[in-house]
Structure formats: C-alpha cells, structure tokens
Amino acid sequence: MRWLSWLKARTVNRPAADSDYRQRLGNELAHFSGVTDFQELPPIFHYWSNKYVRPWFEELGTSHPEALFTKYMVHAARMSPAGAPRFLSIGAGDCCSEIEMARELQSLGLSDFTIECMDINPGLLERGLKLASEAGLEGRIAAVEADFNDWSPNSKYQAILANQCLHHVTNLEGLFDGVEKGLATTGLFIVSDMIGRNGHQRWPEALVHVQRFWDQLPDRYKYNHQRKMLETEYVNRDYSEGCFEGIRAQDILPLLVERFDFPVFIGFGNVVDIFIDRAYGYNFDPENPADLKFVDELHECDEEGFAAGELTPTHMTAVLCRPGGWEGAFYSARGLSPEKALRTPD
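### Structural notes on the packing of aromatic side chains
- Following the criterion strictly, the structure yields 15 aromatic pairs and no others.
- Both rings, one in Phe284 and one in Phe294, keep their centres 5.7 Å apart while their planes meet at 10°; by these two values the pair is stacked. Residue Phe284 is found in the loop between α9 (271–276) and α10 (289–308), and its partner Phe294 is found in helix α10; the two are separated by 10 residues along the sequence.
- When its relative accessible area of 4% is taken as the criterion, Phe284 is described as buried.
- Relative accessible area serves as the criterion here: at 8%, Phe294 is assigned to the buried category.
- Here a set of aromatic residues connected by ring pairs shows up, and it is made of Phe213, Trp214, Tyr221, Tyr234, Phe275, Tyr280, Phe284 and Phe294.
- It is Arg212 that lies over the ring of Phe213; its NZ or CZ is 4.4 Å from the centre.
- Its end group placed over the ring of Trp56, Arg334 keeps NZ or CZ at 3.7 Å from the ring centre.

### Describing unusual backbone geometry
- Positive phi, close to 70°, is recorded for Cys95, a residue that is not glycine.
- For Cys95, the position within the fold is in the loop between β2 (86–90) and α4 (96–107).
- Within the chain, His200 stands out as a residue other than glycine whose phi angle is a positive 60°.
- With respect to the element layout, His200 can be found in the loop between β6 (183–194) and α7 (204–214).
- Residue His200 is classed as buried on the basis of its relative accessible area, which comes to 13%.

### Notes on helix α5 (residues 122–134)
- Taking 1.5 Å of rise per residue, 13 residues should cover 18 Å, and α5 covers 18 Å from first to last C-alpha, within 8% of that figure.
- When α5 is considered as a whole, its buried residues turn out to be Leu124, Leu125, Gly128, Leu129, Ala132 and Ser133.
- Capping the start of α5, Asn121 holds a side-chain oxygen 3.1 Å from the backbone nitrogen of Gly123, two or three residues further along.
- Downstream of α5 by one or two residues, Gly136 has phi in the positive range, about 75°.

Cut-offs used in this document
Residues numbered from 1 in each chain as written. Predicted model: local features only at pLDDT ≥ 70, side-chain atom pairs only at ≥ 80, totals over all residues. Heavy atoms only, no water. Phe/Tyr/Trp six-rings, centres within 6.5 Å; stacked < 30°, edge-to-face > 60°. Helix = DSSP H or I, 4+ residues; strand = E, 2+ residues; numbered from the N terminus. Buried < 20%, exposed > 50% of the residue type's maximum accessible area, 1.4 Å probe, protein only. Lys NZ or Arg CZ within 6 Å of the ring centre and 35° of its normal. Expected span 1.5 Å × (residues − 1). Polar contact = N/O pair within 3.5 Å; in protein donor to acceptor, adjacent residues only side chain to side chain.

Structure representation (structure tokens):
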C-alpha cells in the first residue's frame, strides 16, 4: 500500500489506562468502526439548520461549519511565513470531512498543503486514506494514529481542527496544552462541537422546557429510533455511560475561554436538539406544516432563553487564537459571546 501516508505521533508516557477507560475505549472503537456515514441526520434537522443556523454562517460568507473551517484554514495559511502549510484534524475518523476540505482548499487556490488526520482507530484511518487516494488527494491527506487523551505535537501547524470530537475527550486540559504547543504563532484553532451538559443531558432550566414540549406530542413522536423502542416518558439520559459520548462536554467552553481568544463564536441549539436529533428526529416530517411549526417554536424557545440569560447553547462553531492574536470578534447578529454562553455546574 505505497500510497498510504502514515505518520507516527508522539504520545505522552503515563500509567496504563484504568479498566473503566479501557472498557469505554473498546466500546467506542467497536461502535465507530461500524459507522459508515458520520454526517447522517434526520431530514427535520436539515430543515432547522438551513432555516435558522445557516444564516449566521452566511454572515461570514460561508454556509456551514466545514466551509467556515476551510475559510479560516486559508486565512491561517496566508498569515504564515511557512511555505507549505500543515493542518491537523483531531479525531478525524474516516477523514471524509477532511477530504472535502482538501477539495475546497484547492478550489480556493491553496495547492501545496497537508492535512494530518489524527484518530485512535486504525481501521477508520485506513478507510480514509483509501478514500483520499480515490479522490486524487495523495500527499494532501496523512494519517496519524494516536489517542488524543495522550497526545503531544511534534510539528507546528497553521491550523488545528476539532470537528465534533472534543466531547469525546477526557483529558481536555492535556489536549489543549498540546494545541497551544502545536499552533504556529499566527495559527488558529477551529472548532465545531457540543458544549452542553455532560452526557448530553439537559440542565434543569432546559429540562423544564423539554418536558413542556414533550407533553404536547402524541405518542407516535416518541419512538426512539436509536433504541428501537417507544418512550412515552421523556428520559434525561446520560449518553456517556459506558463510552465517551459527551463525557466532559460542559468543560469544553470554560477551558477554551480561559486559554484562547475567540475571533469567531457561533452558539446555538438546546431544547430543539432533543426533537431533531437521531433518536426522535425521524418522527417529524419536513413536509408536514404542523411539524415545522413545532420545530419553529422549539427554536424560538431557545433564542428567547439565550437572550434572557436563562438558557445557554449546546453547540458551537468557533475560531480561536492565542490571546491578543486577533482584533475584533464575530458573534453573529445576536451578539451571543462565548462568555454569555457559559453554563457552569453551580
């Protein structure tokens, strides 16, 4: 397999992982090895995101998170004196998003670059490198097999990407230490992730609204497509049990605010998540006006809660830099800053 570009990552020596970590890791590897479409979401999600979230990205001249990634990767490359820019994508899985980003970078005039795709799952990385080869991107996509809980960089990067992976990290402090060390002086840390309560549970103030909307629904909307069962009572489930899903989600934003400046921050979603995600979202029909009206009301509930300081967002897309490394900031027309989006456990 001569076309494979496989790099060795330097890891930090630490005592062997405890049994809980090993068990969670095994469950994660088994689950994600069987996933073939990491982007798959219910149609009702796309109704909501296109109507409400996309306009915030369009204010920046993009249309979705990955387009924002490439916009600022190009910016970081042009700000750097380095010749061929190097980018690192943390928790890249099968590299599908990175392959699309590489194509977009080429269309934007960036020809000589490398995106290193880091993941702990060698099977997914092999799949990604095969897809990159088929796309004619040899030399643009490289694989780095490493555990992001034990990672330390051995290169400098013009941008480091974290696309829906930070909510799987237990050692956020160590990872962010590595990001700070690995960023070039003008480098950018570009993130799209979940920042709600651990395990993707709802905080009490949001749970009140979830329950209110849940009680309005007929039982046919309460079938859980992930668990293959009807759930007439809403369960504020902790999805981190036995795995890393959302294991420290509530710590992500506070730690980032402590360490970085935010040239860009777009926060969104909370109550609406429950009804448009993979568990219950398939019960809603984007061709049904009543279903659309219900989703509109969910979104309005979230936005009113953010404006009042009662609710905080569960999603963010952000561009970060070293303190003092950027003048000005974009928080969308709503003015929702990362500080306003913080929700601490107390």
